[in-house]
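A structural walkthrough
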Amino acid sequence: MLFHDCVPHRPERLPHNHLAGKRIAENGYGYFDQQAREYVITRPDTPTPWINYLGAGRYGGIISNTGGGYSFDRDPRNRRVSRYRYNAIPADQPGRYVYLRDQDTGEFWSATWQPVRAETDSYECRHGAAYTRITTQRAGIQAETLYFVPPTPQDDPCPAELWVLRLRNTSDRVRTIRTFSYVEFGFFDAVTDQQNLDWAGHIVGSSYDERVRAIVVGVRFKPTVSFFGADREPIGYDGDREAFVGRCGDLADPVVVSRGESTNVGSPRGNSIGSLCHEVTLAPGEDVSITYVMGVTEQPAAIGEVTRRYRDPSAVDAAFTALKADWDAYLSVMTVETPDPDTNAMLNFWNPVQCRTTMYWSRFVSAYETGLGRGMGTRDSGQDTLGTMHAVPDHARRMLTKIWELQFADGHTWHQFYPLTGQGGPGHSVEFPEWPQWYSDDHLWLVIAVCAYLRETGDYDYLDQVVPYCDGGEDTVWGHMLRAVRFTVDHRGPHGLPRAGFSDWDDTHNVDHGSGLAESVWCGMQFCRATLDAAELADHLGRTRDADALRAGYREMADAVNTSAWDGAWYARSFDDDGKPIGVASESVHRINLNPQTWSVFADVAPRDRAESAMGSVKRHLSTPYGVALLWPPYDGGDPRVQGTATFPPGAKENGGIFCHANTWVIIAAVMLGWTDEAYAFYRQTLPLARTDADRFAVEPYVYCQNICGPTHPQFGMGRNAWLTGTAAWTYVAGTQWLLGIRPTYTGLRVAPGIPTGWDGYTATRVFRGTAYDITVRREGPGTSASLTVDGLPLDGDIVPLPAPGTARVSVDVIMR
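Summarised in this report is the structure supplied together with it. Predicted model only: the values in this text are computed from it and were never measured. (Residues numbered from 1 in each chain as written. Predicted model: local features only at pLDDT ≥ 70, side-chain atom pairs only at ≥ 80, totals over all residues. Heavy atoms only, no water.)

Brief notes about the overall build of the protein chain
Along the backbone of the protein chain there are 19 helices and 43 strands. Over its C-alpha atoms the protein chain spans a radius of gyration of 27 Å, differing by no more than 12% from the 28 Å that the globule rule assigns to 817 residues. Counting every position in the protein chain, which comprises 817 residues, the buried fraction comes to 63%. Across the protein chain, every contact between residues at least 6 apart in sequence was considered, and the portion connecting residues at least 24 apart equals 68%. Put simply, the protein chain shows about 28000 Å² of open surface, and 49% of that area lies on carbon and sulfur atoms. Averaging the coordinates of the 75 positive side-chain charges in the protein chain and doing the same for the 99 negative ones gives two points 2 Å apart. (Helix = DSSP H or I, 4+ residues; strand = E, 2+ residues; numbered from the N terminus. Rg over C-alpha atoms; globule rule 2.2 N^0.38 Å. Buried < 20%, exposed > 50% of the residue type's maximum accessible area, 1.4 Å probe, protein only. Contact = heavy atoms within 4.5 Å. Areas by Shrake-Rupley, 256 points an atom, 1.4 Å probe, with all protein chains shown as cover. Lys, Arg positive; Asp, Glu negative; His and termini not counted. Charge placed at Lys NZ, Arg CZ, Asp CG, Glu CD.)

Details of the environment of Leu386
Looking at where Leu386 falls in the secondary structure, it is placed in the loop between helix H8 (378-384) and helix H9 (393-404). Among residues more than four places away in sequence, those in contact with Leu386 are Ala449, Ala452, Trp730 and Val733.

So, the sheet that holds strand E42 (residues 799-801)
Judged by pairing direction, the sheet is antiparallel, and its three strands sit side by side in the order E36-E37-E42 without closing on themselves. This sheet does not close on itself; its edge strands, each paired only once, are strand E36 (742-744) and E42. The mean inter-strand angle of the sheet, taken between neighbouring strand axes irrespective of direction, is 30°. Across three bridges, the pairing between E36 and strand E37 (residues 748-751) is antiparallel. If you follow Pro744 over to E37, its bridge partner there is Leu749. (Pairing = 2+ DSSP bridges. Axes fitted to C-alpha atoms, helices over the stretch in contact; angles between N-to-C directions.)

Some details on the nonpolar core
Counting 244 residues, the largest nonpolar core has Phe148, Leu167, Trp350, Met481 and Trp723 as the members making the most contacts within it. Here this core gets twelve residues from one element, more than from any other, and that element is helix H12 (residues 521-541). Beyond its immediate chain neighbours, meaning those up to four positions away, Met481 contacts Trp404, Val447, Val450, Cys451, Leu463 and Leu537. Ranked by size, the runner-up nonpolar core spans seven residues in total, among them Ala500, Val511, Tyr635 and Val642. (Core = buried A, V, L, I, M, F, W, Y, C linked by side-chain atoms within 4.5 Å.)

Considerations on the side chain of Arg363
Note on placement: Arg363 falls in the loop between helix H7 (341-361) and strand E21 (376-377). Judged by relative accessible area, which is 5%, Arg363 ranks as buried.

Digging into the packing of helix H16 (residues 660-672) against helix H19 (residues 727-739)
Contact geometry for H16 and H19: axes closest at 8 Å, N-to-C directions at 15°. Between H16 and H19, the crossing angle belongs to the class labelled roughly parallel. Regarding H16 and H19, the two cross each other, and that crossing is left-handed. Mapping the contact onto sequence places Cys660, His661, Thr664, Trp665, Ile667, Ile668, Val671 and Met672 in H16 and Thr727, Trp730, Thr731, Ala734, Trp738 and Leu739 in H19. (Parallel < 35°, antiparallel > 145°, perpendicular 65-115°, else oblique. Left-handed = near helix turned anticlockwise from the far one by under 90°.)

So, the pattern of salt bridges
Counting across every chain of the model gives 53 salt bridges. The residue Glu184 makes a salt bridge to Arg241 at a minimum N-O spacing of 2.8 Å. Of this pair, Glu184 sits in the loop between strand E13 (175-182) and helix H1 (190-195) while Arg241 sits in helix H3 (residues 241-245), and the two are 57 residues apart along the sequence. Several salt bridges share partner residues, and in doing so they unite Arg83, Arg85, Glu184, Asp193, Arg241 and Glu242 into one network. (Salt bridge = Lys/Arg side-chain N within 4 Å of Asp/Glu carboxyl O.)

Topic: the pairing of strand E4 (residues 51-55)
E4 sits mainly inside the fold: five of its five residues count as buried. Across five bridges, the pairing between E4 and strand E5 (residues 59-64) is antiparallel. Looking across to E5, one finds that Tyr53 is bridged to Ile62. Hairpin geometry of E4 and E5 is characterised by an intervening segment of three residues between the two adjacent antiparallel strands and by a positive phi of about 90° at Gly57.

Overview of helix H15 (residues 608-621)
Compared with the 20 Å implied by 1.5 Å per residue over 14 residues, the 20 Å span of H15 between its first and last C-alpha is a close match. Where H15 is concerned, the buried positions are Ala611, Ala614, Met615, Gly616, Ser617, Val618, Lys619 and His621. (Expected span 1.5 Å × (residues − 1).)

Regarding the packing of aromatic side chains
Two aromatic rings, taken as a pair, are described by how far apart their centres are and by the angle between their planes. A full pass over the atoms with the stated rule returns 51 aromatic pairs. For the ring pair Tyr131 and Phe320, a centre distance of 5.1 Å and an interplane angle of 85° mean the geometry is edge-to-face. Placement of the pair is Tyr131 in strand E10 (residues 131-138) and Phe320 in helix H6 (residues 313-331), with a sequence separation of 189 residues. A relative accessible area of 3% places Tyr131 in the buried class. Assessed through its relative accessible area of 13%, Phe320 is described here as buried. Between the aromatic rings of Trp599 and Phe602, the centroid separation amounts to 4.9 Å while the plane-to-plane angle is 75°, which identifies the pairing as edge-to-face. (Phe/Tyr/Trp six-rings, centres within 6.5 Å; stacked < 30°, edge-to-face > 60°.)

Remarks on the sheet that holds strand E1 (residues 23-24)
Strand order in the open sheet made by the eleven strands is E1-E2-E3-E9-E10-E11-E12-E19-E16-E15-E14, with antiparallel pairing throughout. Of all the strands in the sheet, just E1 and strand E14 (205-209) have a single pairing partner and so form its edges. Examined bridge by bridge, strand E12 (residues 160-169) and strand E19 (residues 287-297) share nine bridges and lie antiparallel to one another. Bridging from a neighbouring strand, Glu161 pairs with Met294 of E19.

A word on helix H11 (residues 477-490)
Taking 1.5 Å per residue, 14 residues should reach 20 Å; H11 reaches 20 Å between its end C-alpha atoms and fits that length. When we look at burial in H11, the residues that qualify are Val477, Trp478, Gly479, His480, Met481, Ala484, Val485, Phe487 and Thr488. Buried residues along H11 sit in contact with H9, helix H10 (442-457), strand E24 (466-468), strand E25 (474-476), H12 and helix H13 (544-564).

With respect to the environment of Ala646
Relative to the helices and strands, Ala646 is located in the loop between strand E32 (631-632) and strand E33 (658-659). On the accessibility criterion, Ala646 (4% relative accessible area) is buried. Each C-alpha atom of the pair Ala646 and Gly201 lies 41 Å from the other, and the pair is 445 residues apart in sequence. Not counting the four nearest positions on each side in its chain, Ala646 is found in contact with Tyr635, Gly637, Gly638 and Asp639.

Some points on unusual backbone geometry
Of all residues except glycine, most have a negative phi; of all peptide bonds, most are trans. Residue Gln93 is joined to Pro94 through a cis peptide bond whose omega torsion reads -10°. In this structure, Pro94 sits in the loop between strand E6 (69-73) and strand E7 (97-102). Following Trp632, the chain continues to Pro633 via a peptide bond in cis, the omega torsion being -15°. Structurally, the position occupied by Pro633 is in the loop between E32 and E33.

Regarding the packing of H11 against H13
Contact geometry for H11 and H13: axes closest at 12 Å, N-to-C directions at 25°. In terms of axis orientation, H11 runs roughly parallel to H13. Relative to H13, H11 is oriented so that their crossing is left-handed. Across from Trp478, Leu482, Val485 and Thr488 in H11, the residues of H13 making contact are Asp546, Leu550 and Met557. The residue makeup of the contact of H11 with H13, split by class, is five nonpolar, one polar and one charged. (Nonpolar A, V, L, I, M, F, W, Y, C, P; charged D, E, K, R; others polar.)

Looking at the pairing of E6
Counting buried residues along E6, five of its five residues qualify, which places the element largely inside the surrounding structure. Both faces of E6 are covered, namely the face carrying Gly69, Ser71 and Asp73 and the face carrying Tyr70 and Phe72. Linkage of E5 to E6, two consecutive antiparallel strands, is achieved through a turn of four residues, within which Gly67 is found at a positive phi near 90°.

By themselves, these observations are geometric and do not establish any function.
Printed below as a string of structure tokens:
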């Protein structure tokens with residue numbers, strides 16, 4: 001027993017918190033400010049760059065706690081605005097910088113610590129919802145820089161971001177400060193910019209346009225230009241990186257800042273930058289602001305309008321107020337108050353913020369994904385809608401429609417796509433042309449997601465929307481869903497299970513090497529979940545024939561799983577090219593895999609005794625203090641049966657690492673079995689705010705990461721690949737719909753709490769189909785049974801019926817005994 005029977009701890013009863021104390025989750029590098037709804041970083045030298053996202057799915061970018069990062073418009077590969085160097089030394093450069101130079105002493109430093117990295121008297125970074133504010137103090141000068149993208153229409157011809165620098169003289173003497181901004185531009189095609197240095201270096205140039213007070217960057221053969229301006233006339237500028245840093249120089253000690261004089265030249269070729277120099281004189285206690293504007297457009301004439309707009313401080317304030325109002329509206333759709341402040345902070349703020357971010361960018365661009373080759377994932381974006389459709393259903397509908405357009409007429413889909421061009425692609429399978437060029441799970445996620453969207457919205461007309469197939473022809477959305485189901489039915493292997501394709505949800509589980517015989521047990525369970533969901537929908541709409549066919553498909557697949565894949569204490573993971581099982585007790589490695597155990601419950605495949613045995617095996621063999629490992633024991637060296645998984649060292653990612661996305665299904669399965677204390681403990685194991693060991697965890701402690709190094713890895717407990725992960729949406733679903741038990745249905749809102757015995761209850765407000773449900777749960781006994789009262793009247797069952805049209809609020813009281 002590798003993990004020494006690491007059964008989750010059952011907590012004692014906790015009192016309600018009610019924002020008792022402003023700070024929570026302190027870890028030596030920062031804390032969460034509950035009242036401001038900001039994660040506050042108090043040291044610049046975080047174990048990894050702790051980033052945030054700017055923008056709302058069109059123009060935006062990533063920004064670290066010291067100003068590192070870059071910007072792009074809609075597509076970080078095909079429409080890159082500024083540059084960033086991944087995995088480089090110095091780390092986390094370049095970015096959005098402002099140098100400050102004391103004209104009396106010649107001393108200079110950075111307003112965001114990077115890139116000079118001079119010692120500061122104080123430092124603070126506050127990451128909020130789509131904005132970041134970095135404040136430093138050095139030598140009697142306080143510098144606060146606010147970064148955000150003003151909300152504008154999606155068809156805005158000139159989207160832009162703002163850097164609002166505020167300087168304050170905290171000393172007792174008059175100070176003269178020169179500021180030098182710095183951002184590095186490149187060619188809009190980021191792949192060409194990084195790989196064809198000769199051509200890209202010749203074609204991109206920059207110049208200063210006095211009419212708009214901005215440095216303008218572009219090429220001669222396209223109208224697209226980037227720009228960088230300010231709200232006041234500069235005393236100098238630089239558009240050439242080499243001239244700015246100097247020969248053999250770097251960003252820590254650029255020659256222009258060192259000598260205090262700009263060159264006032266652009267860049268005819270080479271590396272273009274945006275550096276504007278301003279000089280301010282401050283009396284003691286006086287402050288001054290400079291607003292920088294950076295953006296991209298195909299209409300250069302529009303630049304002047306944008307730069308002039310933000311010369312007015314009231315316009316800047318109004319833009320920031322509009323940004324916060326948009327996020328307030330999004331976050332207000334569901335609010336909770338539980339006895340656990342970490343859970344409150346995640347479910348009320350960071351988890352939905354992360355869900356919206358993954359909805360915008362899938363897995364395309366982060367501190368780990370370079371925004372170059374991967375694009376947005378079909379399966380990823382489908383799942384991402386699950387965490388946002390309660391708050392932004394229109395966005396979810398548009399995304400689902402876009403993905404359905406990637407489906408082939410035979411029912412499978414492209415694995416990924418690029419948001420700007422809409423071009424689909426097969427993903428990693430293209431590297432192995434002899435293997436299947438489709439994934440066995442992609443299309444089924446879309447069925448699950450559409451059913452979830454309709455339970456949330458009741459927008460049944462969506463099923464009649466006609467959407468084209470990517471290889472010709474068209475069908476209704478319902479027709480697309482049935483084609484997705486049919487593809488799996490038509491592609492089954494010797495045991496009647498779905499063929500594995502290139503892989504299923506686990507991209508590295510490559511068991512079909514051209515035989516067409518390898519099968520995925522887990523995908524069979526996913527098929528069961530998808531067909532049950534679709535059958536329930538068909539029943540609700542009176543489509544009896546479709547409902548009967550879907551349930552027949554479910555029963556046939558569930559029988560195949562239980563007949564061929566049960567190994568005595570848990571379910572096998574798959575069957576290889578030769579029909580031999582993987583993930584069974586007789587193996588020396590990969591004896592047990594997490595996903596079939598959780599999905600045997602979630603997909604209603606396993607009889608009760610098998611479900612409890614499978615989940616008990618998860619607790620005994622896979623659970624660790626930092627989460628549940630994906631498999632055990634891990635591979636140690638290449639293995640021809642599974643290929644990709646075995647390329648990782650033991651304990652890394654899919655090879656015995658803690659894959660946080662899969663941990664969400666452990667929570668759901670535990671609640672479904674009535675194991676509510678265990679479910680909450682599983683939830684806490686991967687809760688980022690609960691990780692106060694920042695040096696071990698390394699990644700951002702306010703959002704979920706994709707994976708954590710497992711117990712066989714020398715860096716056990718270290719997180720990797722934060723922000724863009726399916727963990728975000730599925731943890732939000734697990735937390736709100738299963739632990740709290742607030743789940744949409746076709747006929748009303750189900751309230752079936754799965755809270756731990758240590759909680760005395762919770763309160764929540766959930767907006768569902770235009771009505772706000774005020775929910776109060778009180779525990780009067782240790783059990784999981786609940787009785788509901790709705791607007792003072794007892795309810796038979798746990799589904800609160802839809803109220804009369806126009807009803808503003810409904811009161812729901814729940815007693816648990």
